[in-house]
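Residues per chain, in single letters:
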Amino acid sequence: MELTNIDFDQLFGMSDDSNPLMMLIWILPIILFVFYGQRIQLYVTSGEIKKALKKLDGYKVDSRSELIIYLKKNLKLDDDPTEKIDKFLEYFTIMPVDMDPNGIVDKVRHTVRMREDYTREHIKLLSPQINDLELTKVQTLLEIASSLQMIYKIVNHMFLTAKKQNNYPLILPLQMLLPFIMEQAEAMSKSVPAFKTGQPIGDGIGPMVVGKIMLDCEKETIAFQTILAKTDFDGRKLFLIKAEGPGSTVGRPAEALETIVSNSKIDAIIMVDAALKMEGEESASVACGFGAAIGGIGTERFQIEEIATQKNIPIFSIVVKQSVKEAITLMTKQIAEKSNDVTSQIYEMIKENTKQGQSIVIIGVGNTSGVPQ
Amino acid sequence: MIFSKKKIIIAYTIEKCSKCGMLKKREFIDGDCLFSELSKCNSCDGTSIIEKIFGEELES
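Criteria and thresholds
- Just so you know, the residues in each chain are numbered from 1, in the order the chain's sequence is written.
- Chains and ligands are labelled sequentially in the order written, the chains with letters from A and the ligands with numbers from 1.
- It should be noted that, the model being predicted, local features are given only for residues of pLDDT at least 70 and side-chain atom pairs only at 80 or more, the latter also being counted only at that level, while totals for whole chains, interfaces and linings use all residues.
- For this analysis, nonpolar core means a set of buried Ala, Val, Leu, Ile, Met, Phe, Trp, Tyr and Cys residues linked through C-beta atoms within 7 Å.
- Counts of 20 or more other C-beta atoms within 10 Å of a residue's own C-beta define buried residues, counts of 12 or fewer define exposed ones, and intermediate counts define partly exposed ones; C-beta atoms are placed from the backbone.
- Only DSSP runs of H or I with at least four residues qualify as helices, and only runs of E with at least two residues qualify as strands; both kinds are numbered from the N terminus onward.
- A pair of residues counts as a contact when their C-beta atoms, built from backbone coordinates, are separated by no more than 7 Å.
- Throughout this entry, Asp, Glu, Lys and Arg are counted as charged residues, while Ala, Val, Leu, Ile, Met, Phe, Trp, Tyr, Cys and Pro are counted as nonpolar. The remaining residues, Gly among them, count as polar.
- Domain delimitation in this document rests on an assignment produced automatically or drawn from a domain database.

A.B. asks: Teacher, can you tell me more about the nonpolar core here?
C.D. replies: Buried together is how nonpolar side chains tend to be arranged in soluble globular proteins. All names here are of chain A. The biggest cluster of nonpolar side chains holds 82 residues, and the ones touching the most others in it are Leu 240, Ile 270, Met 271, Val 272, Val 361 and Ile 362. Looking at this core, the element that brings in the most residues is helix H5 (residues 132-165), giving ten residues. Setting aside residues no more than four positions away along its own chain, Ile 270 makes contact with Phe 316, Ile 318, Ile 346, Met 349, Ile 360 and Ile 362.

A.B. asks: Would you mind going over the environment of Phe 54 of chain B with me for this structure?
C.D. replies: Tracing the backbone through its elements, the reader meets Phe 54 of chain B in strand S4 (residues 47-59). When the C-alpha positions of Phe 54 of chain B and Glu 27 of chain B are compared, they lie 9.7 Å apart, and in sequence the two are 27 residues distant. Apart from the residues lying within four places of it in its own chain, the contact partners of Phe 54 of chain B are Met 331, Thr 332, Lys 333 and Ala 336 of chain A together with Tyr 12 of chain B.

A.B. asks: Would you mind going over the interface of chain A and chain B with me for this structure?
C.D. replies: Often the size quoted for an interface is simply the accessible area lost on bringing the parts together. Facing 17 residues of chain A, the contacting portion of chain B comprises twelve residues. Among the elements of the structure, helix H7 (205-213) and helix H11 (333-336) of chain A are those that each provide at least two residues to the side of chain A that touches chain B. Examining the composition of the side of chain A that touches chain B, we find that three residues originate from one element, H7 of chain A, more than from any other. Looking at the side of chain A that touches chain B, its residues break down into nine nonpolar, six polar and two charged.

A.B. asks: Mind showing me how you'd approach the domain arrangement of chain A here?
C.D. replies: All names here are of chain A. As far as domains go, chain A holds domain 1 (39-197) and domain 2 (202-364). Each of domain 1 and domain 2 has a C-alpha centre, and the two are 29 Å apart. With 18 residues of domain 1 at the interface, the matching set in domain 2 holds twelve residues. Within the residue set of the side of domain 1 that touches domain 2, elements represented by two or more residues are helix H4 (104-126), H5 and helix H6 (168-197). At nine residues, H6 tops the list of elements feeding residues into the side of domain 1 that touches domain 2. A per-class count over the side of domain 1 that touches domain 2 returns eight nonpolar, four polar and six charged.

Below, the structure written as structure tokens:
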């Protein structure tokens, strides 16, 4: 191949009207992007992340101040709670070692419950005369403020590390995850008014449906913050379980189920819960399926599955689809209007899958804020 | 966003008479709680209970 007689005019397509300046205009940006492309992208992405961080900081500060205002307004406090609240917000939880997964569920449950018990006891120390309803509200508001603080800290750490190292690839995972993180953080921030005023949230559709069925029944406490009611339907015995409302709690449905199963023969379990909808799915659509419909860190689900497997009990689920934001903010009209539909689906499911004389456990899963029984 | 409208969520309470089934929609007030019994129904002597509490979005 002859390299000495290359016609550059022809190569760059500049023919007669070409000049060296035009060539520079073409070539300089190419050189610039080859050597400094990542750095330019880093600056552009940094701008976007800085904006998100500012929003996250706002959510963090607002949730903290709303909590402090709520405490001062609703609880009779002797001292200013600000210092103690700031200390609470800094608490962290170290999850158990997962190198040997055998028995990890018990360890996770122990760690999480220990944290919950500690928080509860310390809120009581802040205001000894606090009632259970206010206690659950404060506990939830504290969890929200603490989670928002943690999210801000992690995002800020990842951003500053990437900037310090001038490392563009390091910022890429953060850029990709940021929209999801922002969606969660915004939802948490917007859930504060609903919890403060004791309004039902989207996640409360399960307790709302079961709570309505158990309205006229005799109720008893079966596990910590968990209520049981017994009733009959079409020759079947129904055991209804939900968290104790109207406080903001999810109760301990697995412990309740364990107690029921140890005393009675159960033929089916029906769980009613809110489920995250997929993109494109209609909000508040109702779907039926199999398996334990329960969120959280997984310890409750594990225990329910364990009991069902040991006793060979089928688990059916009815879920109401919703977004993250809908699940933890004030219940939407569409979701609230599905409660009667879900109730009739429960009765239909009972008739289709069980026989007369059998016993069924119905669990209303979710946060029961603003939903009594 | 310059053109996006600010969305306000208003909480509503739906009261239902346990006797005649008449529904009444009003704005949520502090202390409203699902299934709690309220005053007498306007059209009969039945008692109204809170049937639903939900939020509706308003664009401003």
